[in-house]
Structure formats: C-alpha cells, structure tokens
Amino acid sequence: MWRVTRRWLQASGAEFWLPLPLVAIAFWFSSSFLAAQELNRPQPTENKLKADTQLEIIVSVNILLINAVVNRSQGITHVKVETAEPVLKRLELELPLTDIDQIEATLAEELGIDRREVRQWVRYQILD
C-alpha cells in the first residue's frame, strides 16, 4: 500500500506540492517575526522635519511698477508688483493695512528694497 501511495504522489507531483503550504507558512511566520523585531528597534533620527516653520525666500528682481488699491472700508490693501524678470512677472500681496506709511514700510520689507524705491514705483488707488 505504501508503494502505491508513494508512486501516486510522485506521478501526480503532489510530493512537491503537499509540503509547499507548510514552507510558505513557516516563511510567513519567520518574516513577520523578523519585521516586528526590526520595527521595534529604536532608530536614531539625525535630521528632523520642522513642519511649523515657514519658508522665507529672498528674491532680487527688477521692479517696473507697484499698484496698490487701498480699500479703507474693508481695511485691506491689494498690491500688485510687476517685474521685468521672465520667471517672476507678477507678485500679488494682500495687506491688512490702510495707512500709506505702513504700506510702504511693509512693501520695503517684503521686497527687500529701500523705502524710497518703493515710493518711486508705487501708484495708489484709494477706495472709501
């Protein structure tokens, strides 16, 4: 009887396929054990990401014109800066200011230029 069963197993290829699920289960358990060991190990992090910081970009551009529309009823100023640069042609800002001196100071700080240069290029439109 054993010879018949063994011949049948060899002829059908079941001698190879029957132990295969056992090998797969053993591989699955060993790999999950190794993965759990690796994931539980503390990893030193040298470079940490900072998500609460803002990126500050300093760009020097050739300014052609600054248009500022001061809306005093809403308390905001819409500013459009037109440049001669092919990469940055227009820059738009919205400032929560209506005082001309504060607007000029803020624009000088944002654009990284002198306040006198802001006065040269800026054109105001005041809405009440």
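For the structure, check the block above.
Here we summarise the structure given alongside this text. (Residues numbered from 1 in each chain as written. Predicted model: local features only at pLDDT ≥ 70, side-chain atom pairs only at ≥ 80, totals over all residues. Heavy atoms only, no water.)

**Re the overall build of the chain**
We apply this condition: Comment: elements are numbered from the N terminus, with helices defined as DSSP H or I runs of at least four residues and strands as E runs of at least two. Categorising residues by exposure relies on relative accessible area from a 1.4 Å probe, with only protein chains included: less than 20% of the type maximum marks a residue as buried, more than 50% marks it as exposed, and the intermediate range marks it as partly exposed. Residue contacts are defined here by distance: any two heavy atoms, one from each residue, within 4.5 Å place the two residues in contact.
Counting its regular elements, the chain contains five helices and four strands. When the elements of the chain are put in sequence order from the N terminus, they spell out α-α-α-β-β-β-α-α-β. Residues counted as buried form 16% of the 128 residues belonging to the chain. Long-range contacts, defined as pairs at least 24 residues apart, comprise 34% of the intrachain contacts of the chain with a sequence gap of at least 6.

**Comments concerning the nonpolar core**
Put simply, the rule reads: Here, the term nonpolar core denotes a set of buried Ala, Val, Leu, Ile, Met, Phe, Trp, Tyr and Cys residues that are joined through side-chain atoms within 4.5 Å.
By size, the foremost hydrophobic cluster in this structure holds 15 residues, and its most contacted members are Ile-66, Val-79, Val-81, Leu-95, Ile-103 and Leu-107. For this core, the secondary-structure elements that each account for two or more residues are strand S1 (63–71), strand S2 (76–83), strand S3 (90–95) and helix H4 (100–111). Other than its neighbours up to four places away in sequence, Val-81 contacts Ile-63, Leu-65, Ile-66, Lys-89, Arg-90, Leu-91 and Leu-111.

**With respect to a nonpolar patch on the surface**
Rule in force here: Residues enter a patch when their relative accessible area is above 30% and they make no salt bridge; the linking distance is 9 Å between like charges and 5 Å between nonpolar side chains (Val, Leu, Ile, Met, Phe, Trp, Tyr). To measure how exposed things are, a 1.4 Å probe is used in the Shrake-Rupley method; for residues, cover is taken only from the protein chains shown. Salt bridge, as applied in this entry: a Lys or Arg side-chain nitrogen positioned within 4 Å of an Asp or Glu carboxyl oxygen.
There is a patch of nonpolar side chains on the surface, built from Phe-16, Trp-17, Leu-20 and Val-23 and spanning about 440 Å² of accessible area. At the level of elements, helix H2 (14–17) and helix H3 (20–40) are the ones that each hand at least two residues to the nonpolar patch. By the secondary structure assignment, Phe-16 is in helix H2. With a relative accessible area of 52%, Phe-16 lands in the exposed category.

**Side note on the environment of Arg-41**
To be explicit about the condition: Two N or O atoms count as a polar contact when they lie within 3.5 Å, although within protein this holds only if one can serve as hydrogen donor and the other as acceptor, and sequence-adjacent residues are included solely when both atoms are side-chain atoms.
By secondary structure assignment, the location of Arg-41 is in the loop between H3 and S1. Side chain to side chain, Arg-41 and Glu-38 meet in a polar contact 3.1 Å long.

**Quick word on the packing of aromatic side chains**
Operational definition: By convention, a stacked pair of Phe, Tyr or Trp rings (six-membered ring in the case of Trp) has centres within 6.5 Å and planes under 30 degrees apart, an edge-to-face pair has planes over 60 apart, and any other such pair is tilted.
Tallied over the entire structure, the rule returns one aromatic pair. Arranged with centres 5.0 Å apart and planes meeting at 50°, the rings of Trp-28 and Phe-29 form a pair that is tilted. The same class applies to Trp-28 and to Phe-29, which are both exposed.

**Overview of H4**
Just so we agree on the cut-off: To estimate the expected span of a helix, subtract one from its residue number and multiply by 1.5 Å. Read the arc as the range of directions from the helix axis to the C-beta atoms.
Between its terminal C-alpha atoms H4 stretches 16 Å, which fits the 16 Å expected from 12 residues at 1.5 Å a residue. Buried residues of H4: Ile-103, Glu-104, Leu-107, Ala-108 and Leu-111, and no others. What you see down the axis of H4 is that its buried residues fit within an arc of 130°, all on one side. Counted as exposed and oriented over 90 degrees from the buried face of H4: Glu-109 and Glu-110. Residues of H4 that are buried sit in contact with S1, S2, S3, helix H5 (115–121) and strand S4 (122–127). Trailing H4 by a residue or two, Gly-112 shows a phi angle of about 70°, which is positive.

**Re the pattern of salt bridges**
Applying the stated criterion to the full structure yields five salt bridges. One salt bridge in this structure joins Glu-38 and Arg-41, with 3.1 Å as the shortest N-O distance. With a closest N to O distance of 4.0 Å, Glu-104 and Arg-115 form a salt bridge. In this pair, Glu-104 is assigned in helix H4 and Arg-115 in helix H5, connecting sequence segments 11 residues apart. Residue class for Glu-104 comes out buried when judged on its relative accessible area of 6%. Taken together, the salt bridges that share partners define one network made up of Asp-101, Glu-104, Arg-115 and Arg-119.

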